[in-house]
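Survey of secondary and tertiary structure
What follows is each chain in one-letter form.
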Amino acid sequence: MFNETFKLSNGLEIPKLGLGTWLLNDEQTAHAVRDAVTIGYRHIDTAQAYQNEAGVGKGIRSCDVAREELFITTKVAAEAKTYNAVEQSIDESLTKMGLDYIDLLIIHSPQPWVEFREENRYFEENKEVWKAMEDAYRKGKVKAIGLSNFLQDDIENILASCEIKPMVNQILAHVSNTPFELINFCQMNDILVEAYSPIAHGAVLDHAEVKIIADKYGVSVAQACLRYAIQLGLVVIPKTANPDHMRNNAELDFAISDEDMETLKNIEHIENYGEHSFFPVFGGKLK
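Attention in this report is confined to the structure presented alongside it.

Analysis parameters
- Residues numbered from 1 in each chain as written.
- Predicted model: local features only at pLDDT ≥ 70, side-chain atom pairs only at ≥ 80, totals over all residues.
- Heavy atoms only, no water.
- 1 Å grid on protein atoms, 1.4 Å probe; cavity = no way out; pocket = protein on both sides within 12 Å on 5 of 7 lines; lining within 4 Å.
- Points joined across faces, edges and corners; volume = space filled by probe spheres on them.
- Helix = DSSP H or I, 4+ residues; strand = E, 2+ residues; numbered from the N terminus.
- Nonpolar A, V, L, I, M, F, W, Y, C, P; charged D, E, K, R; others polar.
- Axes fitted to C-alpha atoms, helices over the stretch in contact; angles between N-to-C directions.
- Parallel < 35°, antiparallel > 145°, perpendicular 65-115°, else oblique.
- Left-handed = near helix turned anticlockwise from the far one by under 90°.
- Contact = heavy atoms within 4.5 Å.
- Buried < 20%, exposed > 50% of the residue type's maximum accessible area, 1.4 Å probe, protein only.
- Arc of directions from axis to C-beta.

1. As for empty space enclosed by the protein
By the definition in use, this model includes one cavity of 30 Å³ or more. By volume, the largest cavity amounts to about 60 Å³. Forming the walls of the largest cavity are Tyr 83, Glu 87, Ile 90, Ala 132, Asp 135, Ala 136, Lys 139 and Lys 141. Only helix H3 (83–97) and helix H4 (123–138) provide two or more residues apiece to the lining of the largest cavity. The class makeup of the residues in the lining of the largest cavity is four nonpolar, no polar and four charged.

This is how it looks when you write it as structure tokens:
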């Protein structure tokens, strides 16, 4: 699984499987990155909002793997909505991680978290943010640029004036909550979709119908969920600090049949994530 990649619109290859680091502090992140790379992971996902970029850098330096073999993603803070703020944000991320370049830089959200999905869409501000991203790309500070949590009209706003098209949109996508229209729009526009929380924050692990399909293939529910997303053409970035879970998440050498994929696509939507609902980056609850 570790050698499998998708190709971005600029030709850069991105591993299909990455390690998410949300909710891990610097020390936990450093250990998780080192363990993951030792196991075989080459794709690490972080963000300014996670406050663990320094831990990612420490983990990278503790690995016996060349920098160019790794694919590191970070995200510009959702609150950075001016050219200068983004320029400063990028330099801060590079400094915290101790890197010369970032493989993939993403706008974390079209709106500041306290206004997420509210009336003010920040269309003009996001154009300024994107211009700063394009300039960082031209300067070689980042190898690829993309979006996160952007809806179709948010993306269309960028496409209307950009000189370099977004290469990625990282969104919440998993069994029981797969935004097919948004995924199709992205894919039609050569924008690779990445699925964060591809195991539904753990809320899907006890789902009886998903378990039946997982049992059919002799795999865990988590593995079935990850394989489902990959077969939809999505990058998956499950978060874990547990080396056993890292290994389990990478054992995806099986294929889900078209019939079972249809069943998984139509699993009843999760309305309440229960104990898994808290989403601190959003400063509130999952909708």
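2. Remarks on the packing of helix H5 (residues 152–159) against helix H6 (residues 180–188)
H6 packs onto H5 with a crossing angle of 20° between their chain directions and a minimal axis gap of 10 Å. By the angle between their directions, the pair H5 and H6 is classed as roughly parallel. As H5 runs across H6, the sense of the crossing is left-handed. Every residue of H6 that contacts H5 at Gln 152, Ile 155, Glu 156 and Leu 159 is listed here: Leu 182, Phe 185 and Cys 186. Class assignment for the residues of the contact of H5 with H6 results in five nonpolar, one polar and one charged.

3. Observations concerning H6
Within H6, the full set of buried residues consists of Leu 182, Ile 183, Phe 185 and Cys 186. Taken around the axis of H6, the buried residues stretch over an arc of 160°, which confines them to a single face. The exposed set on the far side of H6, more than 90 degrees from its buried face, consists of Glu 181 and Met 188. Looking at the buried side of H6, the elements it contacts are H5, strand S8 (168–172) and strand S9 (192–196). Of the residues trailing H6, Asp 190 is marked for its positive phi of about 65°.

4. Some details on the environment of Met 261
Tracing the sequence through the fold places Met 261 in helix H10 (residues 258–265). Separated by 153 residues in sequence, Met 261 and His 108 place their C-alpha atoms 29 Å apart. When sequence neighbours within four positions are dropped, the list of residues in contact with Met 261 reads Tyr 228, Gln 231, Leu 232 and Ile 256.

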